[in-house]
Amino acid sequence: MPAKSDLTERMAGWLAGRWSSFGLFALLGAVVGTGQAPLGLVWLAVAALALGFALFALVPAPRAAAWRGWAMGAGYVVSTMFWIVEPFFVDPWRHGFLAPIALAAHAGGFALFWAMAFGLAAWFGRGRVQRALWGAVLLAAVEMLRSHLWTGFPWALIGHIWVGHPQMHLAALGGPHLLTLFTTLVAAIPVVFGTRRAALGVLAALAVLALPVPYGLWRLGQEVESRAPATVRLVQPNAAQHLKWQEEMIPVFFERSLALSAEPPEGPMPDLVVWPETSLAYLLAPGNGTAQVVADAAQGATVVVGLQRREGTAARNSLAVITPGADVTGYYNKSHLVPFGEYMPGARWLGSWMPGGIAESAMSGFVPGNGLRLIDLGEGLGQVLPLICYEAIFAEEIIAAPRPGWILHITNDAWFGRISGPYQHLAQARLRAVEQGVPVLRAANTGVSAVIDAQGRVLDSLPLGEAGYLDVALPPRLAATPPYRIWGDWGMLVLLLLAGTVLCVARAASKPVDPTGPSE
């Protein structure tokens, strides 16, 4: 029987081959993605990530390691974000052919971050242990980088797999990126123990995974602030995206939202009625017919509606507040827009040289608002932070706003399909509650509408793809401000710098132990 060292050498040679191991790394990346909602196979995801680090550590050549990282990243992105094709099938005859192109570009582009992490880890690391640890630190770093670079896209971060588990509460200390670093370091632990002590390495990783559990359980019992009782009705009209803007369907969905708003409650009368993003398709102005009809349906409650509107020459994706007297007392304009979905990046540059019709199309997107801000909904409801759809995924932008009494998230997740996207969006809203220590109430056009308490627990929800409403008592916020609100991502940056410094010292103290190895 071959010695373990011989098997390791053979495995290393196979892994460094040009294409032979690409499929394995892509498969491992896809399995890591099963930890995300809706599957939530956390232990399988961590095991796949650990195996990925163990195999990557056998590839000493930076170029070969980078290609393996790219394959693993591509598998992960396809597994977690395949919903990116859904918007192209709203009108499949016009845009369906673009779906595979979009998925390939999305996966290939974001996989470059994984390639960067694996390639640099192989370059910095001397020996398998150092490569694995560098890989863990650098993968967390590039996940943080993609959350900020080019307006950022922190969707399906590795650390999001812990939503719904006690480990999730680490986000109260260091946000989503601390969760990612925790996950990647745990996955690298078995490599530290080596193949001869593999069982001990697995036990050590499990022990470290359990360390945050007492903190998470303690946090579930933290003291909350007292608040006046208030009831909020979340309206879910279930307007399918391919029907929503058809002329004959606009009044159907409007009447449905009115009927859901007017439904007699089983308990206290609602103090606030919330309609989801872009749910109002009619002109809204103080005292006009639309505002009056909406206010009448709410029967004395304040109403928050999502709508598209014009502000001078600027198109806005907005939230409006309608009083019981049919006055429109304020608007919030969505600040962080979706590139290519709500605006065309570089539109001004494109418009300067493209033909008129194409230039006009490129310039016809929404104009962003002036940043996140609180709005006052009056006695009982208090100060609320409004978020429209995509804005709920940016933890670092939310902590830059004043701490609200609660977060109101209106969204149209019909764009994301019915398989994974809406559930991943909901999971991120739960994480925002943990990071802020405040409840999150979300009204989603097709679901999932939900009330989330300040500890990230879903207290009630409406299923995906159903019309209905929720009458919920507004939960209190935590009395203590979570540390993440105080130091933000600076704490994570310090951790990454410390980890990098320790690994640099270890590298300087060690001697090269690997040959150059084959390259691509």
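Calculation notes
Residues numbered from 1 in each chain as written. Predicted model: local features only at pLDDT ≥ 70, side-chain atom pairs only at ≥ 80, totals over all residues. Heavy atoms only, no water. Helix = DSSP H or I, 4+ residues; strand = E, 2+ residues; numbered from the N terminus. Rg over C-alpha atoms; globule rule 2.2 N^0.38 Å. Buried < 20%, exposed > 50% of the residue type's maximum accessible area, 1.4 Å probe, protein only. Contact = heavy atoms within 4.5 Å. Areas by Shrake-Rupley, 256 points an atom, 1.4 Å probe, with all protein chains shown as cover. Polar contact = N/O pair within 3.5 Å; in protein donor to acceptor, adjacent residues only side chain to side chain. Axes fitted to C-alpha atoms, helices over the stretch in contact; angles between N-to-C directions. Parallel < 35°, antiparallel > 145°, perpendicular 65-115°, else oblique. Left-handed = near helix turned anticlockwise from the far one by under 90°. Nonpolar A, V, L, I, M, F, W, Y, C, P; charged D, E, K, R; others polar. Patch = residues over 30% accessible without salt bridge, like charges linked within 9 Å, V, L, I, M, F, W, Y side chains within 5 Å. Salt bridge = Lys/Arg side-chain N within 4 Å of Asp/Glu carboxyl O. pLDDT = per-residue confidence, 0-100.

## Remarks on the overall build of the protein
Per the secondary structure count, the protein includes 19 helices and 12 strands. Relative to a compact globule of 520 residues, whose C-alpha radius of gyration would be 24 Å, the protein shows 25 Å and is just as compact. For the protein, the spread of C-alpha atoms along the three principal axes comes to 80 × 60 × 35 Å. Taking all 520 residues of the protein together, 53% fall into the buried category. By sequence separation, contacts in the protein at least 24 residues apart represent 70% of the contacts at least 6 residues apart. Split by element, the accessible area of the protein, about 22,000 Å² in all, is 66% carbon and sulfur.

## A few points about unusual backbone geometry
Cis peptide bonds are those with omega within 30 degrees of zero, and the linkage from Ala37 to Pro38 qualifies with 10°. Turning to its location among the elements, Pro38 is positioned in the loop between helix 2 (22-32) and helix 3 (42-56). The step from Gly447 to Val448 runs through a cis peptide bond, and the omega angle for that step is 5°. Checked against the element boundaries, Val448 lands in the loop between strand 9 (440-444) and strand 10 (449-452). Positive phi outside glycine occurs at Ala156, with the angle close to 55°. Residue classification places Ala156 among the buried positions, given a relative accessible area of 2%.

## Here's the deal with the side chain of Asn317
By the element assignment, Asn317 lies in strand 4 (residues 314-322). You can call Asn317 buried: its relative accessible area is 2%. A polar atom in the side chain of Asn317 sits 2.9 Å from the side chain of Glu342. Residues contacting Asn317, with those up to four places away along its chain left out, are Glu277, Thr278, Leu307, Tyr332, Asn333, Lys334, Glu342, Phe366 and Ile388.

## A word on the packing of helix 7 (residues 128-146) against helix 19 (residues 490-509)
Here helix 7 crosses helix 19 at 155°, and the two axes come no closer than 11 Å. With respect to each other, helix 7 and helix 19 are oriented roughly antiparallel. For the pair helix 7 and helix 19, the crossing hand works out as left-handed. Taken together, the residues of helix 19 that come into contact with helix 7 (itself represented by Gln130, Leu133, Trp134, Val137, Ala140, Ala141 and Met144) are Met492, Leu493, Leu496, Ala499, Gly500, Leu503, Cys504, Ala506 and Arg507. Taken together, the residues of the contact of helix 7 with helix 19 sort by class into 13 nonpolar, 2 polar and 1 charged.

## Brief notes about the packing of helix 3 against helix 8 (residues 171-193)
Close contact between helix 3 and helix 8 brings their axes to 8 Å; oriented N to C, the two are set at 55°. Classified by the interaxial angle, the pair formed by helix 3 and helix 8 is oblique. Handedness of the crossing formed by helix 3 with helix 8: right-handed. Taken together, the residues of helix 8 that come into contact with helix 3 (itself represented by Val46, Leu49, Ala50, Phe53 and Ala54) are Thr183, Thr184, Val186, Ala187, Ala188 and Val191. A breakdown of the residues in the contact of helix 3 with helix 8 according to their chemical character gives 9 nonpolar, 2 polar and no charged.

## Brief notes about a nonpolar patch on the surface
Together, Met116, Leu120, Trp123, Leu145, Leu149 and Trp150 make up an exposed nonpolar region whose accessible area comes to about 640 Å². No other element matches helix 6 (residues 99-124), which puts 3 residues into the nonpolar patch. One can find Leu145 in helix 7.

## Notes on the confidence of the model for the protein
Here the protein averages 91 in pLDDT, while 90% of its residues score no lower than 70. The low-confidence segment residues 352-363 (pLDDT under 50) makes 7 contacts with residues lying over four places distant or belonging to another chain. Between residues 514-520, whose pLDDT stays under 50, and residues either more than four places distant or in other chains, the model counts 21 contacts.

## Looking at the pattern of salt bridges
Pairs can form between side chains of opposite charge once their charged atoms are near each other. This structure, assessed with the given rule, holds 10 salt bridges. Residue Asp91 pairs with Arg94 through a salt bridge whose shortest N-O separation is 3.8 Å. On the basis of relative accessibility, which here comes to 59%, the residue Arg94 falls in the exposed class.

## A look at the environment of Gly29
Here Gly29 is to be found in helix 2. Spatially, the C-alpha atoms of Gly29 and Trp70 are 9.6 Å apart, while their sequence positions differ by 41 residues. With residues near it in sequence (within four places) discarded, Gly29 still touches Met72, Gly75 and Tyr76.

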